[in-house]
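Per-entry structural report
So the chains spell out like this:
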Amino acid sequence: MDQIRIASVPHSQVYIRHCGPVPGDPVPFVRLSDPRPRRGDGTEQSGWWPPAMLEEGWIDEHADDFDLMHVHFGFDALTPEDLKRVVGDLRRNGKPLVYTVHDLSNPHHTDPSAHDAALDVLVPSANALVTLTPGAASVVRERWGRDALVLPHPHVVGLDKLRFRQQEPRRRTGPLRFGLHLKSLRPNMAALPVVEALVRAIDRLDQPA
């Protein structure tokens, strides 16, 4: 059986790269590399953004290069009309669309209306849906009447590094320290309650049970 060729939007993202067969098992698919954006050279952190695969004309020009498109995220700059054009281009070329409902609300937006409008195009139009949690799948079913396959977020650290840490565990030589990674603070993140909850939990560690 030939490998399925997937146009992933984006390819260079840990969820996309690590959602696959166990290393050593046959790989039934191959993912296209991220093309360089036509509008500029991408950002320093994400050379794939804005995703060229969603730009007008890309699907028609590369229809012979892939079998299905998987949109994970990265369509923030596109309007609902742009997304309808993407869906129409895929259908005209006979290419199915798989969409990961990765964000029910966009963490970069304070006003959810733009993201909601995008979801109202992508979720009903996709041939198949993926999401990360049973709770998100339940919301998708309630809002759009569609079922989504739940694929929890895979490992972020490479398996080779995980195996190394299992074989060579790091021994603590100093006081116990806790770290909280907030990644990039985004507009809709409420970091302070998380920090406060962590501090309360750490304080209780010193108290007798």
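Preceding this section is the structure that the text describes.
Below: a short report on this structure. (Residues numbered from 1 in each chain as written. Predicted model: local features only at pLDDT ≥ 70, side-chain atom pairs only at ≥ 80, totals over all residues. Heavy atoms only, no water.)

**Re the overall build of the protein chain**
Formally: Helix and strand definitions here come from DSSP, where helices need a minimum of 4 consecutive H or I residues and strands a minimum of 2 consecutive E residues; each element is numbered from the N-terminal end. Each residue is placed in one exposure class: buried if its accessible area under a 1.4 Å probe, protein chains only, is under 20% of its type's maximum, exposed if it is over 50%, and partly exposed if it falls in between. Every residue pair with non-hydrogen atoms within 4.5 Å of one another is taken to be in contact. Each accessible area is a Shrake-Rupley estimate made with a 1.4 Å probe; only the visible protein chains count as cover when residues are assessed.
Across its full length, the protein chain carries seven helices and six strands. Order of helices (α) and strands (β) in the protein chain, N terminus to C terminus: β-α-β-α-β-α-β-α-β-α-β-α-α. Split into buried and exposed, the 209 residues of the protein chain put 32% on the buried side. Here the contacts in the protein chain between residues at least 6 apart in sequence split such that 60% fall between residues at least 24 apart. Working note: accessible area of the protein chain is about 13300 Å², and carbon and sulfur atoms make up 54% of it.

**Considerations on the packing of helix α3 (residues 80-92) against helix α4 (residues 113-125)**
Where we set the bar: To get an axis, a line is fitted to the C-alpha atoms, and for a helix only the part in contact is used. The angle between two axes follows their N-to-C directions and goes from 0 to 180 degrees. With respect to orientation, any angle under 35 degrees is reported as roughly parallel, any angle over 145 as roughly antiparallel, any angle of 65 to 115 as roughly perpendicular, and every other angle as oblique. By convention, the crossing between two helices is left-handed when the near helix turns anticlockwise from the far helix through less than a right angle, and right-handed when the turn is clockwise. When residues are sorted by character, Ala, Val, Leu, Ile, Met, Phe, Trp, Tyr, Cys and Pro go into the nonpolar class, Asp, Glu, Lys and Arg into the charged class, and all the rest, Gly among them, into the polar class.
At their nearest, the axes of α3 and α4 sit 8 Å apart, and the two run at 15° to each other. Between α3 and α4, the interaxial angle falls into the category roughly parallel. Seen from above, α3 lies across α4 with right-handed handedness. Taking contact as the criterion, the partners of P80, L83, K84, V87 and R91 in α3 are, on α4, A117, A118, V121, L122 and S125. Among the residues forming the contact of α3 with α4, the class breakdown is seven nonpolar, one polar and two charged.

**Quick look at the side chain of T100**
The line we're drawing: Polar contacts, as used here, are pairs of N or O atoms within 3.5 Å; protein pairs need one atom able to donate a hydrogen and one able to accept it. Residues neighboring in sequence count only if both atoms are side-chain atoms.
Looking at where T100 falls in the secondary structure, it is placed in strand β4 (residues 97-101). Residue classification places T100 among the buried positions, given a relative accessible area of 0%. Among the polar contacts made by the side chain of T100, one reaches the side chain of H70 at a distance of 2.6 Å. Excluding residues that lie within four positions of it along the chain, T100 makes contacts with H70, V71, H72, V130 and L132.

Function-wise, these values are silent; they only describe arrangement.
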